[in-house]
Amino acid sequence: THRVLAYKTKAPAPPSGYDAGHMPALYNNNNGPRISRKAFRHIPQAPERILDAPDLMDDYYLNLLDWGSNNTVAIALGPVVYLWNASSGDIQQLMECKDEDEYVTSVSWASDGKHISVGTSGATVQIWDAERSKQVRNLQGHTARVGALAWNGHLLSSGGRDNIILNHDVRIREHRIATLAGHDQEVCGLKWSPSGNQLASGGNDNVLNVWDGPTPMGPTHRLTSHCAAVKAVAWCPFQSNLLASGGGTADRCIKFWNTHTGALLNSIDTGSQVCALQWNRHEREILSSHGFSQNQLCLWRYPTMTKVAEMTGHTSRVLHLAQSPDGMTVCSAAADETLRFWRCFGDAAEASRGSSKPTGNSNMLRSINIR
């Protein structure tokens, strides 16, 4: 090494009798209280629990997994919807399609944790009372399978292979209050913002639309930067106008949008198909799930998009993600016909303070068949 800065003459010596011994104490007194850095958060690389899920369909465009506020996981396996109680471990069959060739294409819990909507390949949307295992409504209007569902209070939005989105007011007999036509191919991603003011829809036409309110005349923003189907859509829990979207095999990108202006804020090439996204409610992080070739889950720090952790174990593409009610655990469902539970959003300190453990005994990896 060499000196890059040097003085030609030395600084003058202090006057005789000058005492500089008090200077460190003077500066230290102005430091104020020491701010302790947050302890490093351990992120487990292995799942807490694995459930076998036979006949889980390997179809990128469906949404077959959801975790309700009642701490119950709903999973569609072929023509059947099963409910797994994460607190007790109990499993029950909610419903089964009546027609031989019909299968379930989407599931979504209402916020009350009592009602669940089910979309089918027969173009119907059913609403079930989960506590009584009884169907309470059958909503018509689509002409093809319904692969995406999203609740907003008493409003239920459904997206289908007929390229349209229907908004249903489930309180009234004439339930269909709006038909949203903004896609040229199947609607496969659908999410209402936490405020309930905006709806994001993704389609197999590579388009991401943002709609304002329950009865819009057309999309407020039509976003066309993705190069493949947009299934993964997730609203940020700490910034109301921030939306994340993920693209399919030919795109591989996670993109971030300002939904007030329609501006693209950032785009990250993940290197593989983006199947699902979930924001961490406790940290500024986002989790993505992927397909070929590693079939991994990636945890990213926002907004730098530095990769915090990578979780592997699935042997086929990880099609679905759902988050526990306490926001600590994420369930992943993959084409390898397994569900895996990852405690990637929580930490040991929070767990020891008595937060719920939605996946049972976290110290023992248990594998059971969901049916």
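It should be noted that the structure appears before, not after, this text.
Notes on the structure in this doc start here. Just so you know, these numbers come straight off a predicted model, no measurement behind them. (Residues numbered from 1 in each chain as written. Predicted model: local features only at pLDDT ≥ 70, side-chain atom pairs only at ≥ 80, totals over all residues. Heavy atoms only, no water.)

**Quick look at the pairing of strand E21 (residues 263–269)**
Part 1 of the argument: As defined by bridge partners, strand E20 (residues 253–258) adjoins E21 across 6 bridges and the pair is classed as antiparallel. Pairing of Ile 254 across the sheet is with Ile 268, part of E21.
Part 2 of the argument: What sits between the antiparallel neighbours E20 and E21 is a turn of 4 residues, in which Gly 262 has the positive phi angle 85°. (Pairing = 2+ DSSP bridges. Helix = DSSP H or I, 4+ residues; strand = E, 2+ residues; numbered from the N terminus.)

**Focus: the packing of aromatic side chains**
Part 1 of the argument: Under the definition given, this model contains 8 aromatic pairs.
Part 2 of the argument: Consider the rings of Phe 256 and Trp 279, whose centres lie 6.0 Å apart with planes at 65°: the pair is edge-to-face. Of the two residues, Phe 256 is situated in strand E20 and Trp 279 in strand E22 (residues 274–279); the sequence distance between them amounts to 23 residues.
Part 3 of the argument: Between Trp 279 and Tyr 302, the aromatic rings sit 5.3 Å apart at their centres with planes inclined by 75°, giving edge-to-face as the arrangement. Here the residue Trp 279 occupies a position in strand E22, and Tyr 302 occupies one in the loop between strand E24 (297–301) and strand E25 (306–311), the gap between them amounting to 23 residues.
Part 4 of the argument: Residue classification places Trp 279 among the buried residues on the basis of a relative accessible area of 3%.
Part 5 of the argument: Members of the aromatic cluster, connected to one another through ring pairs, are Phe 238, Phe 256, Trp 279 and Tyr 302. (Phe/Tyr/Trp six-rings, centres within 6.5 Å; stacked < 30°, edge-to-face > 60°. Buried < 20%, exposed > 50% of the residue type's maximum accessible area, 1.4 Å probe, protein only.)

**What to know about the pairing of strand E12 (residues 164–169)**
Part 1 of the argument: Burial analysis of E12 places 6 of its 6 residues in the buried class, the great majority of the element.
Part 2 of the argument: The side-chain alternation of E12 yields two buried faces, one formed by Ile 164, Leu 166 and His 168 and the other by Ile 165, Asn 167 and Asp 169.
Part 3 of the argument: As paired strands, strand E11 (residues 155–160) and E12 are joined by 5 bridges and run antiparallel to one another. Bridge pairing links Leu 155 to Asp 169 in E12.
Part 4 of the argument: The antiparallel pairing of E11 with E12 creates a hairpin that spans 3 residues between the two strands, and Asn 163 there sits at a positive phi of about 75°.
Part 5 of the argument: Across 5 bridges, E12 lies against strand E13 (residues 176–181) in antiparallel orientation. Its bridge partner lying in E13, His 168 is registered against Arg 176.
Part 6 of the argument: From the end of E12 to the start of E13, which pair antiparallel, there are 6 residues.

Just distances and angles here, no functional claims.
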